[in-house]
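Structural description and commentary
Next come the chains, spelled out residue by residue.
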Amino acid sequence: MEKDLLELQTLIDVHFEQRKKEEEELIGLKDRIENRRSERAEIQRVRTEKEKDRQNRIAVERQRKEEEEAKKKADDDAKKKKVLSGMGANFGGFLAKAETRRGKRLTGKEIKKKTLGERRQPLGIDNMREDALKQRAQDLWNRIYQLESEKFDFIEHMKHQKYEIIVLLNRISHAQKFKKGHGKGKVGGRWK
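A brief look at the structure comes next. The shown structure was predicted, so the numbers you read here are calculated from the model rather than taken from an experiment.

Observations concerning a nonpolar patch on the surface
A contiguous nonpolar patch, built from Met1, Leu5, Leu8, Ile12 and Phe16 and spanning about 550 Å² of accessible area, is present on the exposed surface. For phenylalanine 16, the location among the structural elements is in helix H1 (residues 2–86).

Here it is as structure tokens:
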């Protein structure tokens, strides 16, 4: 019995020593994991700082290039204007006309809005009675009828003008065919 107790005591001691070693290994493993996490966090922080610095450098470089390009373009435009203004008064007049044409192109929508604003009139039917409304509707219908008839007349007039242009172009081409050989002294046939 004494032997069994001693054997049991040694087994218990071995078990507790084994358990103590395993706990120490576990604590060491946890420490290594924590150290690794902190190292990774530090590496990640350094990477993000480097990435931010790189992005900032790229942005500054891009902005500098854009400013240089804008300055270069402005200098080129100034040189072109200086050269063109020195070419002569006639060409300067041409440039002014080109600028006005370009301006008209840009404001085409505004011109259309202005024209439509002048043509369109407010209805003003808020406080009208039934007979006045009928009269207003009749006036509007008459106006639409008049505009449609004017449109039809213009279209027919345009068709007629196109036809006249085609006829005149045919006459010109026909006359030019016969005029080519005329007056050069050529004789047809075998008499030369």
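Still to come is the rest of the account.
Description of the packing of aromatic side chains
Taken as a whole and judged by the stated rule, the model has one aromatic pair. With centroids separated by 5.4 Å and ring planes inclined at 15°, the aromatic side chains of tryptophan 141 and tyrosine 145 adopt a geometry described as stacked. With a gap of four residues between them, tryptophan 141 and tyrosine 145 both fall in helix H4 (residues 130–179), about one helical turn apart. Note on accessibility: tryptophan 141 and tyrosine 145 belong to one class, exposed.

Quick look at the layout of surface pockets
Using a probe with the size of a water molecule, rolled over the atoms, empty space left in the structure can be pinpointed. Considered as a void within the structure, the largest pocket measures approximately 230 Å³ in volume. Arg119, Arg120, Gln121, Leu123, Arg136, Asp139, Leu140, Arg143, Ile144 and Leu147 are the residues that line the largest pocket. Residues of the lining of the largest pocket, tallied by class, amount to four nonpolar, one polar and five charged.

About the criteria used
Residues numbered from 1 in each chain as written. Predicted model: local features only at pLDDT ≥ 70, side-chain atom pairs only at ≥ 80, totals over all residues. Heavy atoms only, no water. Patch = residues over 30% accessible without salt bridge, like charges linked within 9 Å, V, L, I, M, F, W, Y side chains within 5 Å. Areas by Shrake-Rupley, 256 points an atom, 1.4 Å probe, with all protein chains shown as cover. Salt bridge = Lys/Arg side-chain N within 4 Å of Asp/Glu carboxyl O. Helix = DSSP H or I, 4+ residues; strand = E, 2+ residues; numbered from the N terminus. Phe/Tyr/Trp six-rings, centres within 6.5 Å; stacked < 30°, edge-to-face > 60°. Buried < 20%, exposed > 50% of the residue type's maximum accessible area, 1.4 Å probe, protein only. 1 Å grid on protein atoms, 1.4 Å probe; cavity = no way out; pocket = protein on both sides within 12 Å on 5 of 7 lines; lining within 4 Å. Points joined across faces, edges and corners; volume = space filled by probe spheres on them. Nonpolar A, V, L, I, M, F, W, Y, C, P; charged D, E, K, R; others polar.

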